[in-house]
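# Structural description and commentary
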Amino acid sequence: NICKFLQFQLTVNITACSLACVGAAVLTESPLNAIQMLWVNLIMDSFASLALATEDPTNSLLNRKPYPRDQAVLSQTMVRNMVLHSGWQLVVLTALIFGVGDVCTGHGDVCTGTVYINNYGSLRSGRPAAYDFNGVPGLCPPVYDPKDSSTFDASGAPLRSAGFCSEAHGGGAEKTQHYTMVFNVFVLMQLFNEINSRKIHNELNVLDGVLKNSYFIVIVIGTLLVQIALIEIPGVNTAFGCTSLTQDQWVASLLLGASVIPLNVLFHLVPVTMFPSGGGGIPDEDEDEGEEKKDDDSKKKD
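First, a word on what this report is: a plain description of the structure on this page. (Residues numbered from 1 in each chain as written. Predicted model: local features only at pLDDT ≥ 70, side-chain atom pairs only at ≥ 80, totals over all residues. Heavy atoms only, no water.)

In this section: the sheet that holds strand 3 (residues 120–124). The strand order across the open sheet built from three strands is 2-1-3, with neighbouring strands paired in mixed fashion. Two strands in the sheet have a free side with no partner beyond their single neighbour: strand 2 (115–117) and strand 3. Neighbour-to-neighbour, the strand axes of this sheet turn through a mean angle of 55 degrees, independent of strand direction. As paired strands, strand 1 (residues 100–104) and strand 2 are joined by two bridges and run antiparallel to one another. Across the sheet, V103 pairs through a bridge with I117, a residue of strand 2. Packed onto the sheet, helix 4 (residues 76–99) meets strand 1 and strand 3 and runs at close to 15 degrees relative to strand 1. Packed onto the sheet, helix 7 (residues 177–196) meets strand 1 and strand 3 and runs at close to 115 degrees relative to strand 3. (Pairing = 2+ DSSP bridges. Helix = DSSP H or I, 4+ residues; strand = E, 2+ residues; numbered from the N terminus. Axes fitted to C-alpha atoms, helices over the stretch in contact; angles between N-to-C directions. Contact = heavy atoms within 4.5 Å.)

Glancing now at a nonpolar patch on the surface. On the surface, V22, V26 and Y131 cluster together into a nonpolar patch covering about 220 Å² of accessible area. Tracing the chain through its elements places V22 in helix 1 (residues 2–27). For V22, a relative accessible area of 40% corresponds to the partly exposed category. (Patch = residues over 30% accessible without salt bridge, like charges linked within 9 Å, V, L, I, M, F, W, Y side chains within 5 Å. Areas by Shrake-Rupley, 256 points an atom, 1.4 Å probe, with all protein chains shown as cover. Salt bridge = Lys/Arg side-chain N within 4 Å of Asp/Glu carboxyl O. Buried < 20%, exposed > 50% of the residue type's maximum accessible area, 1.4 Å probe, protein only.)

Once that is clear, we can look at the side chain of H268. Note on placement: H268 falls in the loop between helix 11 (260–267) and helix 12 (289–301). On the accessibility criterion, H268 (14% relative accessible area) is buried. Side-chain polar atoms of H268 contact the backbone oxygen of N264, separated by 2.6 Å. Leaving out residues up to four positions away in the same chain, H268 has contacts with R80, N202, E203 and L204. (Polar contact = N/O pair within 3.5 Å; in protein donor to acceptor, adjacent residues only side chain to side chain.)

What follows is about the packing of helix 4 against helix 7. Viewed as axis vectors pointing N to C, helix 4 and helix 7 meet at an angle of 165 degrees, and their least axial separation amounts to 10 Å. In terms of axis orientation, helix 4 runs roughly antiparallel to helix 7. Pair helix 4 / helix 7 crosses with right-handed handedness. Where helix 4 abuts helix 7, its residues H85, W88, Q89, V92, L93, L96 and I97 lie against H178, Y179, M181, V182, V185, F186, M189, Q190, N193 and N196. A class-by-class count of the residues in the contact of helix 4 with helix 7 yields eleven nonpolar, six polar and no charged. (Parallel < 35°, antiparallel > 145°, perpendicular 65-115°, else oblique. Left-handed = near helix turned anticlockwise from the far one by under 90°. Nonpolar A, V, L, I, M, F, W, Y, C, P; charged D, E, K, R; others polar.)

Let us look at the packing of helix 4 against helix 11. Between helix 4 and helix 11, the shortest axis-to-axis distance is 11 Å and the interhelical angle comes to 130 degrees. Relative to helix 11, the element helix 4 lies oblique. With respect to the hand of their crossing, helix 4 and helix 11 are arranged in right-handed fashion. Touching R80, L84, H85 and W88 of helix 4 are V260, L263, N264 and F267, all from helix 11. Among the residues making up the contact of helix 4 with helix 11, the classes are represented as five nonpolar, two polar and one charged.

For the rest of this paragraph, the subject is the environment of E55. Mapping E55 onto the fold places it in the loop between helix 2 (34–53) and helix 3 (59–62). Here E55 falls in the buried class, since its relative accessible area comes to 11%. Sequence-wise, E55 and V210 are 155 residues apart; in three dimensions their C-alpha atoms are separated by 8.9 Å.

Before going further, it helps to examine the nonpolar core. Membership of the largest hydrophobic core comes to 38 residues, with the highest contact counts inside it found for W39, F183, F186, V187 and F216. Counting only elements with at least two residues in this core, the list comes to helix 1, helix 2, helix 4, helix 7 and helix 8 (214–232). At ten residues, helix 7 tops the list of elements feeding residues into this core. Those residues in contact with W39 that sit more than four places away from it in its chain are F47, F183, V187, T223, V226, Q227, L230 and F240. Within the second largest apolar cluster, five residues are counted, among which are L123, M181, I231 and L245. (Core = buried A, V, L, I, M, F, W, Y, C linked by side-chain atoms within 4.5 Å.)

Shown next as structure tokens:
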């Protein structure tokens, strides 16, 4: 059970840290704000530990050979799952951050004025204005310089407003559906990947026995309901830097989040020998969990 929790937690850490680093380097701010990260940490540490550490032992687990003394905590199977799942999550979230969101002036989630950069969909960008405007020649107001006439108008007023930097770096009060979707998809991917993390020995059916753990069911459903409340309840969503999403946006978020479950089957086709374990290797039966189950079934019949 500890290994299940580690697999889940490290996957979240890889994705969250990568997003924060890319955001700081490219966007000058993290796509996820501080209070959103606190909620993610609560999911990752408290709720996940209760959900994954309360699983009862199964017959297949009790029939497994003991692990050797030099066995690494992270097996090659676990490392493969962490790398591939965090990689998929980063691909989806990067596409949402940089491939969605039209660049235009004004307010609101839908561009009503001139669209300078037309990305996929009809949402206005939630990225920092300085980042988006730099992609449009002449749109980003220059820094005020009293010796440079191109930085102020005929009356001497600076072309860049006093609050431009604050608004460009996340200090503005306006919240966008664009970044709310990024946060929502990130959380939903972790929530569905929590189901994948129940299996760490190359099993294909991650739903096997899920209904036997009432703690797991309550925690997953409860987390989903709280996530809906954080986004849809006025006042609460403002505190979390979010805004309400449309029905279509919720459907898209749920589909992207749930994509980690069918992809988990495809990831099993990748040989675990391509990934390190950090020591000791893994028991041979991890390579062929199906054969072990067949042997168990034959013993039961006998």
